[in-house]
Amino acid sequence: MMNIQLTVPSMMERAEKLFKKKQVISRSTKGVDRLTYEEVSKRTRQLSSMLVELGVKRGDRVGTFAWNHHRHLEAYFGIPGIGAVLHTINIRLDPQQIIYVINHAKDKVLLIDECFLPLFEKIHHELTHVEAYIIMSDEPVLSSTSLQPVYHYEQLIEKGNDCYPFIQDLDEQEPAGICYTSATTGKPKGVVYSHRGIYLHCMALGLTDGVGLSEADVAMPVVPMFHVNAWGLPFAAVWFGTTLVMPGPFFTPAILAELIQNEQITIAAGVPTIWLGLLQELENNAYETSSLRALICGGSAAPQSIIQRFEEKFNIPFVHAYGMTETSPLVILSRLKSYQTHQSSDEKFSLKAKQGFIVPGVEMRVIGQQGEVKWNGIEMGELLLKGPWIASEYYEDERTNEAFKDGWLHTGDVVTVDEEGFVKIVDRTKDLIKSGGEWISSVDLENALMAHEAIFEASVIAVPHEKWQERPVACVVVKKEYKNQITKEEIIQFLEPQFAKWWLPDDIIFMEEIPKTTVGKFLKRTLREQVLQHYELKG
Ligand code: AMP
């Protein structure tokens, strides 16, 4: 067979030949921009040419600090299009971490949304390698800024060449992107994505039993473009000619519901907290959502109760998926097998609440205390992964040795696997509650709690215990309409029939809000500190 290099620019080249008329619909601070792929590809080439003009060379890193919109999409292709490396920076990191990742990646140029100018004016003197700032703005003229040298994105690319040729002699193993994990402890760790990895991962997104993304879809990545490349959807959508809808800055559940209704979205992707917000919006106000054929949900465990409400109340198919920054991210996806669709609704929803089975192209092993675990849905072990879109190291980081061993990525996720190969994430290794030599899954307790009609969110953590080593404590946020209407005892009574007695939380703490990570997951480290403080205060 021909040894053809699998590269990112070839995806855009396909779109500009075949899907000129298809659209990228992008919500901005002013309204909604509608660009064709023909326009987007010309603008991408203009950007590529101007980056070269600014001195960006093959292998250089170019950072983006932005919401999901069409200019960010142009950067997704314009940067790798000249052999440079797209560094998508998480806008919710704290300033010290932002400085760290920009300096660690040695970003040479930064593309920044205008709303973040004040932040960069504060930190720019600490950025060691940045030579130019390009500001992505919806305004015709830039507001005055102390950043230097600074360019207005539109004015800059206007001078560019819209036929500029993408780099032709790329090796598929060259880096196309870099993304830092949203670390809950320690410094963020960088994962480099090769052209080949992105290309093959996109193929998996297109599989019918994968995400099944196609030309006929209208896809809305709500997951940020700085969180594992919005799960690869922008790359795949361009390649396949899918209509793309970008939700833009500062969106709310109502904005998402309107976009779904007005743009006839068929597929949308985001973390459970996003879908929980949308669910409440749909329950309170009427929207037309029948175009949706899949809500893809990953990043943390989707409670069965949410899946059931979407499917039963709104007829919206819900697809649970699992992945990590280190895995591009899609590796496990929950779709019922053909002979499982006739099961009772309870059985079906409990299967859908599992993360699912491994996609073609990726291999897994699950290692427990006695070696490889049995596929019986009971034995627990750590999930190990291997495949062409799984990272093999962290970028210039000694923590590589902790996670990458013997050719496998050690995920740090504890799972069970049932007879059908459905993987269920029990917990992060460090979040499992070790009580009297046995393990309690915080995720299982959280899911059960969130199925209670009065509870909006719940997070369960381990607190130290003299006799049992650790015991579970549940932190819950009660829905507004149930405030002061529900007691700890009632919540425990609700859990009792579902769990062994020793699994039941020792305490329920009512909270206004559960602290979250920058990508919307429960921040258990901070929660643990808050709970310990709460007990100290109570004496
Ligand atoms: P990140 O690299 O920020 O995407 O985080 C990856 C981690 O998120 C994984 O190691 C899991 O612990 C967790 N995760 C991702 N998807 C799921 C899911 N569907 N259910 C439970 N945990 C998940």
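Computed from a prediction, not measured in an experiment: that's the story for all the values here.

Reading guide: rules and limits
- Residues numbered from 1 in each chain as written.
- Predicted model: local features only at pLDDT ≥ 70, side-chain atom pairs only at ≥ 80, totals over all residues.
- Heavy atoms only, no water.
- Core = buried A, V, L, I, M, F, W, Y, C linked by side-chain atoms within 4.5 Å.
- Buried < 20%, exposed > 50% of the residue type's maximum accessible area, 1.4 Å probe, protein only.
- Helix = DSSP H or I, 4+ residues; strand = E, 2+ residues; numbered from the N terminus.
- Contact = heavy atoms within 4.5 Å.
- Near = heavy atom within 4 Å.
- Polar contact = N/O pair within 3.5 Å; in protein donor to acceptor, adjacent residues only side chain to side chain.
- Nonpolar A, V, L, I, M, F, W, Y, C, P; charged D, E, K, R; others polar.
- Pairing = 2+ DSSP bridges.
- Axes fitted to C-alpha atoms, helices over the stretch in contact; angles between N-to-C directions.

Here the focus is the nonpolar core. Ranked by internal contacts, the top residues of the largest apolar core, which has 91 residues, are L73, F77, L111, L213, F235 and I296. Broken down by element, the residue count for this core peaks at seven residues, all from helix α9 (residues 233–240). Beyond its immediate chain neighbours, meaning those up to four positions away, L111 contacts L47, V62, G63, T64, F65, A75, I134, M136 and Y153.

In this section: the site of the ligand. Within the structure, the ligand sits among 16 residues, and A321, T325, Q355, D413 and K521 are positioned closest to it. One nitrogen or oxygen atom from the main chain of A321 is found 2.7 Å from a nitrogen atom belonging to the ligand. One nitrogen or oxygen atom from the side chain of D413 is found 2.6 Å from an oxygen atom belonging to the ligand. For the shell around the ligand, the residue count by class is five nonpolar, eight polar and three charged.

With that settled, the discussion passes to the sheet that holds strand β4 (residues 85–88). Sheet strands pair by backbone hydrogen bonding; their relative direction is either parallel or antiparallel. Pairing in this open sheet of seven strands is mixed, and the strands run β7-β6-β5-β3-β4-β8-β9 from one edge to the other. Of all strands in the sheet, those with a lone pairing partner are β7 (150–152) and β9 (190–194), marking the two edges. The sheet shows a mean angle of 25° between the axes of neighbouring strands, direction not considered. Relative to strand β6 (residues 132–136), strand β5 (residues 107–113) is paired through five bridges, and the arrangement is parallel.

Between Q148 and P149 the backbone carries a cis peptide bond, its omega angle lying at -20°. Its place among the elements puts P149 in the loop between β6 and β7. In the segment running from S328 into P329, the intervening peptide bond is cis, with an omega of 10°. Relative to the elements of secondary structure, P329 occurs in the loop between β14 (318–323) and β15 (330–333). A positive phi is found at K106, a non-glycine position, where the angle reads about 55°. Its place among the elements puts K106 in the loop between α4 (95–105) and β5. Residue N484 is not a glycine yet carries a positive backbone phi of 60°. Along the chain, N484 turns up in the loop between β26 (469–478) and α16 (488–495).

Let's shift gears to the environment of V32. Mapped onto the elements, V32 comes out in strand β2 (residues 32–36). For V32 and G248, which are 216 residues apart along the polypeptide, the C-alpha to C-alpha distance reads 9.1 Å. Residues in contact with V32, not counting those within four places in the same chain, are I25, S26 and R27.

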